[in-house]
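The chain contents come next:
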Amino acid sequence: MAGRVPPGDYAGSSPHWLREPADVNALVPALWSSTATKDAEGVLRIGGLAVPDLVADVNTPAYVLDEDDFRARARAFRDAFEGVDVYYAGKSFLCTTVARWIAEEGLFLDVCSDGELTVALRGGVEAERIGYHGNNKTPMELRRAIALGVGRIVVDSFHEIERVAAIAAETGMPARVMVRVTAGVEAHTHEFIATAHEDQKFGFSISSGDAFEAARRVIAADGVELLGLHSHIGSQIFDTAGFEVAARRVLALHARIAAELGVVPPEMDLGGGFGIAYTSQDDPQPAAELAAGMREIVVHECRGLGIETPRISIEPGRAIVGPTMCTVYTVGTVKQVQLDAGAVRTYVSVDGGMSDNIRPALYDADYSCTLASRASSAVPVLARVVGKHCESGDIVVKDEFLPGDIAPGDLIAVPGTGAYGRSMASNYNHALRPPVVAVKDGVARVIVRRETVDDLLATDLG
Ligand SMILES: *Cc1c(COP(=O)(O)O)cnc(C)c1O
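Bear in mind that the values here come from a model prediction, so they are computed numbers and not experimental data. (Residues numbered from 1 in each chain as written. Predicted model: local features only at pLDDT ≥ 70, side-chain atom pairs only at ≥ 80, totals over all residues. Heavy atoms only, no water.)

### Focus on the site of the ligand
Operational definition: To be near a molecule or strand, a residue needs just one of its heavy atoms within 4 Å of it. We define a polar contact as two N or O atoms separated by no more than 3.5 Å, with the added condition that, inside protein, one atom must be a possible hydrogen donor and the other a possible acceptor, whereas residues neighbouring each other in sequence contribute only through side-chain atom pairs. To measure how exposed things are, a 1.4 Å probe is used in the Shrake-Rupley method; for residues, cover is taken only from the protein chains shown.
Near the ligand, the surroundings consist of 15 residues, among which K91, G273, E315, R318 and Y420 are the closest. K91 is positioned such that a nitrogen or oxygen atom in its side chain is 2.5 Å from an oxygen atom of the ligand. One of the side-chain nitrogen or oxygen atoms of E315 is found 2.6 Å away from a nitrogen atom of the ligand. Contact with the protein chains covers 91% of the free accessible surface of the ligand, which is 390 Å².

This is the structure in structure tokens:
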């Protein structure tokens with residue numbers, strides 16, 4: 001192994017937003033769940049528990065979920081959006097315990113498959129409080145959802161409208177439907193693109209007239225009730241700019257349906273996508289500010305159109321569960337790699353990777369991390385934390401400053417992994433998917449256990 005990297009050798013190879021921290025041991029509070037702290041020894045504590053003790057029982061990698069923080073974020077959405085129905089997007093992370101917390105905190109729940117529906121019901125969420133999404137729900141999935149009386153089915157194609165109508169007729173169960181529309185707005189962080197064309201698989205286009213036609217067919221179908229229009233413009237949205245353009249287009253269609261079809265849809269869904277901070281470059285607006293901004297836009301538009309404001313619903317996933325979890329890994333190897341410019345990058349390999357967090361590989365997503373098991377006075381080095389999988393794109397944290405004495409056996413914690421971490425985890429390389437450990441008031445509880453080799457082989461018929 002090469003000698004210690006002198007400070008400054010990473011010059012030019014770190015991203016513009018990443019600053020060398022004044023104290024490499026300190027947490028950046030905006031990235032962590034509310035009970036996360038570092039103690040005098042530099043040990044990360046969550047929910048009153050020292051992370052090294054916590055993972056000693058379950059091994060690494062492990063997701064640590066801060067229950068108080070989860071419930072507080074769920075309540076913050078519910079309270080900030082008073083008078084708005086808040087549907088937690090189950091796809092971001094769902095297990096029976098989390099479904100129960102969602103029900104206990106008075107939220108609704110979105111699912112998009114029979115598997116998610118089953119977990120939601122098993123967690124005690126009432127069918128009427130469940131929304132059902134997806135661009136290709138199978139006939140079996142639709143039949144079960146309608147028979148159970150789910151609160152809303154978000155239809156996404158003309159074929160599906162026919163299918164829902166046929167099932168409603170066959171079972172005698174009414175189907176309450178929202179029509180997913182594409183407003184020609186694609187939002188991501190601070191930028192959004194507004195176009196007339198929508199080259200994507202979701203929704204009925206407003207500009208082509210398909211969305212109006214879908215609403216017409218839903219209204220015409222026996223046993224099918226039109227609840228309203230549904231629009232979801234993207235993810236990691238930091239402000240209301242893109243949302244404003246979308247809301248104007250969706251409300252214009254809403255008003256046209258009322259005027260021309262004689263049916264005033266009672267509701268409207270404005271989707272999810274509320275952003276969170278993964279690194280110090282992110283500065284999302286708090287839920288309360290977004291709520292105020294969104295409410296103002298909707299009320300203002302409705303007044304302008306001379307229509308009554310429909311009952312609004314939203315669907316946050318990431319903004320509720322994302323910051324509530326971190327992933328804890330053990331460092332296995334450290335190596336220093338010479339870069340073209342003569343700079344050096346420290347590669348830190350951990351015992352997980354793209355099987356427990358696919359987002360860096362899939363979306364080029366940035367994360368942050370901290371040494372979780374001790375303090376260090378070593379000079380910080382620019383590090384890249386990588387996984388153990390057989391892909392060079394298997395990156396956990398692309399760029400972060402870590403203490404220069406980072407070594408095998410150290411624990412590293414990556415904040416912000418609650419959304420689309422465990423829920424998108426895979427068995428790539430026959431990895432065993434990590435457990436989720438919920439912590440609260442000094443007590444740890446495994447709510448999803450680690451997979452075993454028997455789990456792995458359960459479907460292998462030999
Ligand atoms: C994914 C999704 C959400 C949740 O998105 P987040 O970014 O997790 O808030 C909400 N609604 C729909 C329709 C989605 O597809």
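From this point on, the discussion continues.
### Topic: empty space enclosed by the protein
Here is the rule: Buriedness for pockets is judged along seven lines, at least five of which must meet protein on both sides within 12 Å for an open set on the 1 Å grid over protein atoms alone, while cavities are sets there where a 1.4 Å probe fits but cannot get out, and lining residues have an atom within 4 Å of a point. Grid points are joined across faces, edges and corners, and a volume is the space filled by probe spheres set on the points. Residues are grouped as follows: nonpolar covers Ala, Val, Leu, Ile, Met, Phe, Trp, Tyr, Cys and Pro; charged covers Asp, Glu, Lys and Arg; every other residue, Gly included, is treated as polar.
A complete count under the given rule lists 4 cavities of 30 Å³ or more for this structure. Roughly 80 Å³ of internal volume is contained in the largest cavity. Around the largest cavity, the lining residues are I233, I237, D239, T240, F243, L270, G271, G272, F274, L290 and M294. Of the residues in the lining of the largest cavity, the class split is 7 nonpolar, 3 polar and 1 charged. Looking at the second largest cavity, its volume works out to about 40 Å³. Surrounding the second largest cavity, L31, W32, S33, I46, V64, D66, P323, T324, M325, C326, P415 and G416 form its lining.

### Regarding helix α3 (residues 96-104)
Test applied: Each residue gets one of three labels from its accessible area relative to the maximum for its type: buried under 20%, exposed over 50%, partly exposed in between, using a 1.4 Å probe on protein chains only. Every helix listed is a DSSP run of H or I at least four residues long, and every strand listed is a run of E at least two residues long, numbered separately from the N terminus.
For α3, the complete set of buried residues consists of T97, V98, A99, W101 and I102. Phi for G106, located one or two positions after α3, is positive at around 80°.

### A closer look at the UniProt feature "domain: Orn/DAP/Arg decarboxylase 2 C-terminal" (unreviewed entry) in the protein chain
Quick note on the threshold: UniProt positions are given in the numbering used here, feature names are shortened, and annotations may be inferred rather than shown by experiment.
What UniProt calls "domain: Orn/DAP/Arg decarboxylase 2 C-terminal" (unreviewed entry) maps, in this numbering, to residues 323-418. The span residues 323-418 carries 5% helix and 46% strand; its end-to-end C-alpha distance comes to 6 Å.

### Observations concerning the nonpolar core
This is how it is decided: Side-chain atoms within 4.5 Å link the members of a nonpolar core, which is a set of buried Ala, Val, Leu, Ile, Met, Phe, Trp, Tyr and Cys residues. Residue ranges assigned to the domains are those given by an automatic or database domain assignment. Every residue pair with non-hydrogen atoms within 4.5 Å of one another is taken to be in contact.
Grouped together as the largest cluster of nonpolar side chains are 108 residues, with contacts concentrated most on F81, Y88, V98 and I412. Here the element with the most residues in this core is helix α8 (residues 241-261); it accounts for 9 residues. Of the domains in this structure, domain 1 (20-65 + 323-452) and domain 2 (133-316) are the two that each give at least three residues to this core. Among all residues touching I412, those that are not within four sequence positions of it are T327, V328, Y329, V331, V348, V350, C369, T370, A372, V385, L402 and I406.

### Overview of the sheet that holds strand β10 (residues 185-189)
Put simply, the rule is: Only when DSSP finds a minimum of two bridges between them are two strands counted as paired. The angle between two axes is taken between their N-to-C directions and runs from 0 to 180 degrees, where each axis is a line fitted to C-alpha atoms and a helix contributes only its stretch in contact.
Taken together, the 3 strands give an open sheet; going across it, the order is β11-β10-β14, and neighbouring strands pair in mixed fashion. Bordering the open sheet on either side are β11 (191-194) and β14 (234-237), each of which pairs with just one other strand. Averaged over all adjacent pairs, the angle separating strand axes in this sheet is 20°, with direction ignored. Relative to β14, β10 runs parallel, the two being bridged by 3 bridges. Following the sheet pairing, A187 is matched in β14 by G234. α8 rests against β10 and β11 of the sheet, and its axis sits at about 25° to β11.

### A word on the layout of surface pockets
To find leftover empty space, one rolls a probe the size of a water molecule over the atoms. Considered as a void within the structure, the second largest pocket measures approximately 370 Å³ in volume. R73, I276, P284, A319 and P323 are the residues nearest the centre of the second largest pocket, which is lined by 21 residues in total. Only α2 (67-80) and α9 (287-305) provide two or more residues apiece to the lining of the second largest pocket. It is α2 that contributes the most residues to the lining of the second largest pocket, 3 residues altogether. When residues are assigned to domains, the lining of the second largest pocket turns out to be shared by domain 1 (20-65 + 323-452) and domain 2 (133-316), each giving three or more.

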